[in-house]
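Take a look at the letters that make up each chain.
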Amino acid sequence: MAANSPEVTSNQNGCHDQLEKIVSKHLNSEFKKPIADFNQTAFVQANDFVQQQQKAIILDSGCGVGESSARLAEQYPNHCVIGVDQSAFRVNKHHAYQSSAENYLVIRAELGDFWRLALQHQWQLDKHYILYPNPWPKRYHFQKRWHGSPLFSTLLKLGGELILRSNWDIDLWCNLNS
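As the structure is a prediction and not an experimental result, all values here were calculated from the model. (Residues numbered from 1 in each chain as written. Predicted model: local features only at pLDDT ≥ 70, side-chain atom pairs only at ≥ 80, totals over all residues. Heavy atoms only, no water.)

> Looking at this structure, I do not really get the packing of helix α2 (residues 37-53) against helix α5 (residues 111-120). What am I missing?
Contact geometry of α2 with α5 gives a least axis separation of 10 Å together with a crossing angle of 50°. In terms of orientation, α2 lies oblique with respect to α5. Our pair here, α2 against α5, has a crossing hand that is right-handed. Contacts between α2 and α5 involve Asn39, Gln40, Phe43 and Ala46 from the first element and Asp113, Phe114, Leu117 and Ala118 from the second. Taken together, the residues of the contact of α2 with α5 sort by class into five nonpolar, two polar and one charged. (Axes fitted to C-alpha atoms, helices over the stretch in contact; angles between N-to-C directions. Helix = DSSP H or I, 4+ residues; strand = E, 2+ residues; numbered from the N terminus. Parallel < 35°, antiparallel > 145°, perpendicular 65-115°, else oblique. Left-handed = near helix turned anticlockwise from the far one by under 90°. Contact = heavy atoms within 4.5 Å. Nonpolar A, V, L, I, M, F, W, Y, C, P; charged D, E, K, R; others polar.)

As structure tokens, this is what we get:
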């Protein structure tokens with residue numbers, strides 16, 4: 001999955017000074033936000049599809065128009081690929097990128113709720129793609145990045161191989177070198 005993303009400019013030039021504190025806090029607390037009804041409905045649709053497929057699961061989180069989901073379905077015909085994006089505008093454009101593969105579904109849902117529901121239903125992912133090119137580069141946006149979010153532990157508990165693509169590797173670099 002190659003893409004040409006713009007270069008990131010940021011006011012954060014090194015490891016976020018609160019990285020360890022924020023991640024530790026989230027790992028040791030429970031996220032209690034209620035799950036929205038539309039996310040519950042979307043998850044039921046996805047879960048029914050997964051049950052029908054009876055294949056290992058690939059989750060394409062933040063799939064946008066679903067082009068990556070369609071390509072993953074073609075690349076992994078023995079897997080069930082679920083593409084999830086929060087934007088109805090983007091998901092509704094999927095028809096232009098649709099594949100003839102029958103092993104994938106693109107749905108609209110908020111990822112945090114979707115991941116929590118997947119964990120509650122004991123999904124174990126084979127692969128988890130997050131191909132989001134803009135990682136909220138402003139220093140004060142740290143908690144909007146998945147590893148700074150209260151949902152980071154949920155993301156990790158879904159298991160499988162985590163495949164990330166970004167055009168900014170500063171926090172990852174910090175984690176590997178701290």
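> When you look at unusual backbone geometry in this model, what are you seeing that I'm missing?
Peptide bonds are trans in most cases, and residues, glycine excluded, mostly fall at negative phi. Its identity as a non-glycine residue notwithstanding, Gln54 has a phi of 50°, on the positive side. Structurally, Gln54 can be placed in the loop between α2 and β1 (56-61). Judged by its relative accessible area of 62%, Gln54 is exposed. Backbone geometry places Gln122, a non-glycine residue, at a positive phi of 60°. Checked against the element boundaries, Gln122 lands in the loop between α5 and β4 (125-130). (Buried < 20%, exposed > 50% of the residue type's maximum accessible area, 1.4 Å probe, protein only.)

> Would you take a moment to explain the packing of aromatic side chains for this structure?
Two measures describe an aromatic ring pair: the distance that separates the ring centres and the angle between the ring planes. Counted under the stated rule, the structure contains three aromatic pairs. Consider the rings of Phe43 and Phe114, whose centres lie 5.3 Å apart with planes at 65°: the pair is edge-to-face. With Phe43 in helix α2 and Phe114 in helix α5, this residue pair connects regions lying 71 residues apart in the sequence. Residue Phe43 shares its accessibility class with Phe114, and that shared class is buried. The interplanar angle of 40° and the centroid separation of 5.1 Å between the aromatic rings of Phe43 and Trp123 together place this pair among those described as tilted. Residue Phe43 is found in helix α2, and its partner Trp123 is found in the loop between α5 and β4; the two are separated by 80 residues along the sequence. (Phe/Tyr/Trp six-rings, centres within 6.5 Å; stacked < 30°, edge-to-face > 60°.)

Everything listed here is a matter of geometry and, on its own, says nothing about what the molecule does.
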